[in-house]
Amino acid sequence: MENLQALLSIFTFLGVIILVMTEWIHLTIAALLGALLLVFTNVMTLKEAVGYIGNSHGTLGLFFGVMVLVRAFEPTKIFDYLATQIVILAKGNGKRLLLSIVGIVTPICAVLPNATTVMLLAPLIPPMAQEIGINFVPLLILMVFIANSAGLLTLVGDPATFIVGDAINISFTSYLWQLSLGGVLAVITVVATLPFLFRKIWHTKLDNLEELPHTQINHPRVVAVGAVIIAFVLVFFVIGESLPVPISPAAVALLGAALALLLSHHTRIDTVNNILRDVDWSTLIFFMSIFVLIGGLEKTGVINSLSGFLAIFLGKNIVLGSLFLLFFVGILSSVVPNIPLVVAMVPLIKQYLVTVGLAPAEVLAQDFQGQFPAEVLPLFYAMMFGATLGGNGTLVGASSNIVAAGISEQHGRRISFKTFLHYGIPVMFLQLVTSGLYVLVRFLI
């Protein structure tokens, strides 16, 4: 019976990925049907499914809070106004426009989770592109590439990076010293591809900037108060978890959303019902369903079985293991969202290390606070790079990709799996090679 359930969880997961890749049905419907299939075939109970979703409450709370926060200020036209200013600063030059996206997103993603950054900045892209008369889909895809890559600059830049870093008890400063250069190289790799992958936009030139529609900000007092709310949220994103009473980013985002709803309701610029109706529920339900599918693989023992395979295949060869993990996790992360992937991979790698005798059994404890043997750390570093940069490969590879796709669809254009693949595969391949060389030279040679 257990073997049958394991096979069912594997085939269900693979079936969902195939449906998403072929775009036969909408990715949210595919994931939701897959999750419900596990419930109706008794691979897990509904209570267990909800439990797996609950384990990821931080991610879901963060996404929901920022979605509400951004939507609440749409009636003020602040996003349209900022988009016009970016075009003016770039002087209508496509090359400068692409580089300005890199320059704006990179430092923000060093201190904020990449999906959060995309949720805050992506609404600027469609109106900006429409003013220049270009397709905004490539610009959203570029924003995603930079957000995912810059997420490697610090420990808190990408949820996947934070999950792995927390598992090996690496400090913020230790991460900066050992791994931030890899994030810099990842961003540089994307910049190097701009003249080729984004050729049409790179050569775009807008001569008559005077003809741009100069959007006026509505409700300036609301914008002023909203700026205070957003500043509060950004500050506590950075310092919240280091306070004597820690405040998680999800709690901060939800409080910011509640304050934004209060402001909108009190000033009557929009109704609560309208704001909540426009939340990207499709993206949220997709993530809930994916967490259930990963939970099915974990419950049925598929993940534990994979750790035994690693022990046989890799033995104690850390160099081979690190490079294998970087490319294996990178390729896998291109079709599996990286947050649930690393949640599943961390216990797998720990179990592998214990199995082959490279780490004591104590590391398997949930509350383990000790230090891992230095010689095994490159395995976790490689997994960080693979999970984060592999997310650039396909539309479903990272949470920021899904968020950008949802925002694009809200503005009337759908980012197809094939379109994202056209840009994503070259970028992912180059970044994985660059990161492999970095891990090899920095930690293994």
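The preceding data block contains the structure.
What you see is a predicted model; the values in this text were computed from it and never measured.

### Observations concerning the pattern of salt bridges
Here is step 1: For the coordinates displayed, the defined rule picks out 4 salt bridges.
Here is step 2: When the shortest N-O distance is used, the salt bridge between arginine 71 and aspartate 270 registers 2.9 Å. Remark: aspartate 270 occurs in the loop between helix H14 (249–267) and helix H15 (272–277) and arginine 71 occurs in helix H4 (residues 57–72); sequence separation between them is 199 residues.
Here is step 3: Residue arginine 71 is classed as buried on the basis of its relative accessible area of 10%.
Here is step 4: Residue classification places aspartate 270 among the buried positions, given a relative accessible area of 13%.

### Regarding the side chain of asparagine 392
Here is step 1: Assignment of secondary structure puts asparagine 392 in the loop between helix H20 (377–390) and helix H21 (399–410).
Here is step 2: For asparagine 392, a relative accessible area of 0% corresponds to the buried category.
Here is step 3: Beyond its immediate chain neighbours, meaning those up to four positions away, asparagine 392 contacts Val144, Phe145, Asn148, Ser149, Phe420, Gly424, Val427, Met428 and Gln431.

### Some points on helix H18 (residues 318–333)
Here is step 1: When the terminal C-alpha atoms of H18 are compared, their 21 Å separation across 16 residues agrees well with the 22 Å that a helix rising 1.5 Å per residue should span.
Here is step 2: By the burial criterion, the buried members of H18 are Ile318, Gly321, Ser322, Leu325, Leu326, Val329, Gly330 and Ser333. Angularly, the buried residues of H18 cover 150° about the axis, an arc narrow enough to put them on a single face.
Here is step 3: Near the N-terminus of H18, the side chain that reaches the backbone nitrogen of valine 319, with its oxygen 3.3 Å away, is that of asparagine 317.

### Details of the packing of aromatic side chains
We describe a pair of aromatic rings using the distance from one ring centre to the other and the angle between the two ring planes.
Here is step 1: Under the counting rule described, the total for this entry stands at 10 aromatic pairs.
Here is step 2: Considering the side-chain rings of tyrosine 381 and phenylalanine 443, the 4.8 Å spacing of their centres and the 45° angle between planes classify their relative orientation as tilted. With tyrosine 381 in helix H20 and phenylalanine 443 in helix H22 (residues 417–444), this residue pair connects regions lying 62 residues apart in the sequence. Across this residue pair, the class does not change: tyrosine 381 and phenylalanine 443 are buried.
Here is step 3: When the centroid spacing of 6.1 Å and the interplanar angle of 85° are considered together, the rings of tyrosine 438 and phenylalanine 443 count as edge-to-face. Summarising the burial analysis for this pair, tyrosine 438 and phenylalanine 443 share the class buried.

### Describing unusual backbone geometry
Excluding glycine, residues mostly carry a negative phi; peptide bonds, for their part, are mostly trans.
Here is step 1: The phi dihedral of histidine 219 falls on the positive side, at around 50°, and the residue is not glycine.
Here is step 2: Checked against the element boundaries, histidine 219 lands in the loop between helix H12 (199–202) and helix H13 (220–239).
Here is step 3: The class of histidine 219 is partly exposed, set by a relative accessible area of 37%.
Here is step 4: Look at arginine 268: it is not a glycine, yet its phi comes out positive at around 60°.
Here is step 5: Tracing the sequence through the fold places arginine 268 in the loop between H14 and H15.

### A short note on the environment of serine 174
Here is step 1: As for its placement among the helices and strands, serine 174 is situated in helix H11 (residues 172–197).
Here is step 2: Overall, serine 174 belongs to the partly exposed group, its relative accessible area being 27%.
Here is step 3: It is 9.3 Å that separates the C-alpha atoms of serine 174 and leucine 155, two residues lying 19 residues apart in sequence.

### Remarks on the environment of valine 235
Here is step 1: Looking at where valine 235 falls in the secondary structure, it is placed in helix H13.
Here is step 2: Residues valine 235 and leucine 112 lie 123 residues apart in sequence; the distance between their C-alpha atoms is 9.9 Å.

The rules behind these values
Residues numbered from 1 in each chain as written. Predicted model: local features only at pLDDT ≥ 70, side-chain atom pairs only at ≥ 80, totals over all residues. Heavy atoms only, no water. Salt bridge = Lys/Arg side-chain N within 4 Å of Asp/Glu carboxyl O. Helix = DSSP H or I, 4+ residues; strand = E, 2+ residues; numbered from the N terminus. Buried < 20%, exposed > 50% of the residue type's maximum accessible area, 1.4 Å probe, protein only. Contact = heavy atoms within 4.5 Å. Expected span 1.5 Å × (residues − 1). Arc of directions from axis to C-beta. Polar contact = N/O pair within 3.5 Å; in protein donor to acceptor, adjacent residues only side chain to side chain. Phe/Tyr/Trp six-rings, centres within 6.5 Å; stacked < 30°, edge-to-face > 60°.

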